[in-house]
Amino acid sequence: SSFINIDAESSVQFSGTTITAQQMNTTETLIEVSGKLIIDVDCYIKIYVNLSGGSVIHVKPEGTLEMAGGEFSGNTAGNTGLIHVQGTTIIDNVTFTENTGGSHGLIYIDGGTCHYNGGSITNNTTINGIFYVEQNSHFYFNGGTLSNNTVSGNGTCGGIYVNNGGNVYFNGGH
């Protein structure tokens, strides 16, 4: 279950919006996407919650998430990352800063496809990589910056952890 559920036949768009919640502890996913979620330019997600089990956004196998611009900061995720990708996710020029991820990184690509197109991922702390690419998943890194992040855990690798059978494609970035 989740706090916001976007069903398969629905589409929701946030534009010029700040999404905030403070001092919240939960095991639930905050936004579950079976339809389409668009987070547009100048949208800021600052949840300040402790997610011991869920994600801030869970893109289910039939779901689509499109993020363009904006900032994702000050969030703490459970083991399935801040964004749990089982469907399709496109991230264009988004800043991820001062977030804390769980054992599956900040962005957990779990059988889905994620396109990361530019942006900045700095000053985050997580376990087993910023991006965690599970088997039968596809991750496209098309430019952007990964810097000053802290990664720990048994699978410590730095920016991208690729599990056996995961697929990663690079085109620019540093």
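Above this text is the structure in question.
These notes cover the structure that comes with them. (Residues numbered from 1 in each chain as written. Predicted model: local features only at pLDDT ≥ 70, side-chain atom pairs only at ≥ 80, totals over all residues. Heavy atoms only, no water.)

### Some details on the overall build of the protein
Move 1: Helix and strand counts for the protein stand at 0 helices and 22 strands.
Move 2: Across the 174 residues that make up the protein, the buried fraction comes to 46%.
Move 3: Residue pairs at least 24 apart in sequence account for 81% of intrachain contacts in the protein once pairs closer than 6 positions are excluded.
Move 4: By element, 42% of the accessible surface of the protein is carried by carbon and sulfur atoms, the whole surface being about 7400 Å². (Helix = DSSP H or I, 4+ residues; strand = E, 2+ residues; numbered from the N terminus. Buried < 20%, exposed > 50% of the residue type's maximum accessible area, 1.4 Å probe, protein only. Contact = heavy atoms within 4.5 Å. Areas by Shrake-Rupley, 256 points an atom, 1.4 Å probe, with all protein chains shown as cover.)

### Some points on the pattern of salt bridges
Move 1: Taken as a whole and assessed by the stated rule, the structure comprises 1 salt bridge.
Move 2: Two residues, Lys36 and Glu66, come together in a salt bridge whose shortest N-O distance is 3.4 Å. Remark: Glu66 occurs in strand S10 (residues 64-68) and Lys36 occurs in strand S6 (residues 36-39); sequence separation between them is 30 residues. (Salt bridge = Lys/Arg side-chain N within 4 Å of Asp/Glu carboxyl O.)

### Comments concerning the nonpolar core
Move 1: Counting residues in each nonpolar core, the largest one holds 35 residues, and the members touching the most others are Ile57, Phe72, Ile83, Phe96, Ile107, Phe131 and Phe139.
Move 2: If sequence neighbours within four positions are ignored, Phe131 has contacts with Ile107, Tyr116, Ile121, Phe139, Phe141, Leu146, Gly159, Ile160 and Tyr161. (Core = buried A, V, L, I, M, F, W, Y, C linked by side-chain atoms within 4.5 Å.)

### Some points on the pairing of strand S13 (residues 88-97)
On a regular strand, each side chain points to the face opposite its neighbour's, so the side chains alternate between the two faces of the sheet.
Move 1: Two elements, S10 and S13, share 5 bridges in a ladder whose sense is parallel. Within the sheet, the bridge partner assigned to Thr64 lies in S13 and is Thr88.
Move 2: Alignment of strand S11 (residues 71-73) against S13, held across 3 bridges, turns out to be parallel. Residue pairing for S13: Glu71 is matched across the bridge by Thr95.
Move 3: Both S13 and strand S15 (residues 113-122) contribute to a ladder of 9 bridges, which runs parallel. Bridging from a neighbouring strand, Thr89 pairs with Cys114 of S15. (Pairing = 2+ DSSP bridges.)

### Here's the deal with the sheet that holds strand S1 (residues 2-6)
Move 1: The strand order across the open sheet formed by 7 strands is S1-S5-S9-S12-S14-S17-S21, and the pairing between neighbours is parallel. Whereas interior strands pair on both sides, the edge strands pair on one side only; in this sheet they are S1 and strand S21 (160-162). Sheet twist, expressed as the average angle between the axes of neighbouring strands with direction ignored, equals 15 degrees. (Axes fitted to C-alpha atoms, helices over the stretch in contact; angles between N-to-C directions.)

### Regarding the pairing of strand S5 (residues 29-33)
Move 1: In terms of residue burial, S5 counts as a mostly covered element, since 5 of its 5 residues are buried.
Move 2: Here 4 bridges tie S1 to S5, and the two strands are oriented parallel to one another. Each residue of the ladder has a partner; that of Asn5, found in S5, is Glu32.
Move 3: Bridge count for S5 against strand S9 (residues 57-59) is 3 bridges, and the pairing is parallel.

### Looking at the environment of Ala68
Move 1: With respect to the element layout, Ala68 can be found in strand S10.
Move 2: Using a relative accessible area of 24% as the deciding quantity, one classes Ala68 as partly exposed.
Move 3: Taking the C-alpha atoms as reference points, Ala68 and Ser15, 53 residues apart in sequence, are found 9.6 Å from one another.
Move 4: The contacts of Ala68, once residues within four sequence positions are left out, are Ile39, Asp40, Val41, Asp92 and Val94.

### Re the packing of aromatic side chains
Move 1: In this structure the tally under the stated criterion is 10 aromatic pairs.
Move 2: The interplanar angle of 35 degrees and the centroid separation of 5.3 Å between the aromatic rings of Phe72 and Phe96 together place this pair among those described as tilted. Here Phe96 lies in strand S13 and Phe72 lies in strand S11, a separation of 24 residues in the sequence. (Phe/Tyr/Trp six-rings, centres within 6.5 Å; stacked < 30°, edge-to-face > 60°.)

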